[in-house]
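One letter stands for each residue in the lines below.
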Amino acid sequence: MEINENFIILRKGRFKEVDLWLKVLSPHFGLTTFFAFGGLVSKRRFCGCLDEFNLLYGKIERSKRKEYLTLKESYLINKFVALKQNFNKIGAIVNITQFLEKIKITPDEYKQVFDLFVNFISIISQVSDISYFPLLFKANLIFNLGYLPLFSYCLHCKKPLLQKHEFVFFSFQEGGFFCAPCGLKKGLNFKLDSNIILFLKYISQSKPKDWIQIDINKTLQKACYEIVSKFVEYHLEISI
């Protein structure tokens, strides 16, 4: 079986004398490994483009016994040169890659994750301050993979939360928010400014290109990090 599609190289390594293994993210195969036989010497088939964080278009073939995937040939789409010249941006991509390797992604989610990742790399290549972009990527990703907290109403009294509230409470175990009276009655101690609800809802519905315009203060950034990190730790049993 042969498939032609885009993919991005996350890591690579050498095996045997002239061959490469490539850790890639692809919309059809997800997070997997391609083998490029002759990848170190064949400029005709690979055009010298098998570098980390390159976006490529290639022909992939599954072995007859379906034991491994072979990259037969590839063509460069984007090298993301500006990104590779910035150690902070490289670190952010490595961090995101490690996060992707921890979570379970189903085949019907491969394209969604691939598109988000490529858009993320494209955007951080263009902006100078990316300090909160990895956090927004992880929040957007897990929210859209089905781990979305309940934003609209209090989990106890069921009254709407998107109306005026000075503060709200969040429960990691129950995966949602409580209004101030209900949160106090339950003895919850994670108290937050109610603006966090609108912010998280926006992040769940946005794309990386939208994050350039976000003015996120330290308080909101800290609250978002605490919610996402503890929510992921409790429900997925991983750290961000």
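Bear in mind that the values here come from a model prediction, so they are computed numbers and not experimental data. (Residues numbered from 1 in each chain as written. Predicted model: local features only at pLDDT ≥ 70, side-chain atom pairs only at ≥ 80, totals over all residues. Heavy atoms only, no water.)

Quick look at the confidence of the model for the protein chain now. Of all residues in the protein chain, 98% have pLDDT values of 70 or greater, and the mean over the chain is 91. Mean pLDDT in the protein chain bottoms out at helix α1 (residues 43-46), which sits at 83, and peaks at helix α4 (residues 110-124), which reaches 97. (pLDDT = per-residue confidence, 0-100. Helix = DSSP H or I, 4+ residues; strand = E, 2+ residues; numbered from the N terminus.)

In this section: the environment of I9. Within the secondary structure, I9 sits in strand β1 (residues 2-15). Those residues in contact with I9 that lie beyond four places of it in its chain are L22, K23, V24, C49, L50, D51, E52, F53, N54 and L56. (Contact = heavy atoms within 4.5 Å.)

Here helix α8 (residues 218-235) is 18 residues long and its end C-alpha atoms lie 26 Å apart, about the 26 Å a rise of 1.5 Å per residue gives. Within the span of α8, buried status applies to L220, Q221, A223, C224, I227, V228, S229, F231 and V232. Tucked inside the fold, the buried residues of α8 contact α3 (87-102), α5 (133-144), β6 (167-171), β7 (176-179), β8 (191-193) and α7 (195-205). For α8, the N-terminal capping position is held by N217, with its side-chain oxygen 3.1 Å away from the main-chain nitrogen of T219. E237 occupies a position one or two residues after α8 and carries a positive phi of about 60°. (Expected span 1.5 Å × (residues − 1). Buried < 20%, exposed > 50% of the residue type's maximum accessible area, 1.4 Å probe, protein only. Polar contact = N/O pair within 3.5 Å; in protein donor to acceptor, adjacent residues only side chain to side chain.)

Here we come to the packing of aromatic side chains. How two aromatic rings sit relative to each other is set out by the distance from centre to centre and by the angle between their planes. Under the definition given, this model contains 18 aromatic pairs. An aromatic cluster is built from F143, F151, F170, F172, F177, F190 and F231, whose rings are joined through pairwise contacts. Over the ring of F99 we find K138, and its NZ or CZ is 5.5 Å from the ring centre. Here the guanidinium or amino end of K191 rests over the ring plane of F167, the centre of that ring lying 4.0 Å away. (Phe/Tyr/Trp six-rings, centres within 6.5 Å; stacked < 30°, edge-to-face > 60°. Lys NZ or Arg CZ within 6 Å of the ring centre and 35° of its normal.)

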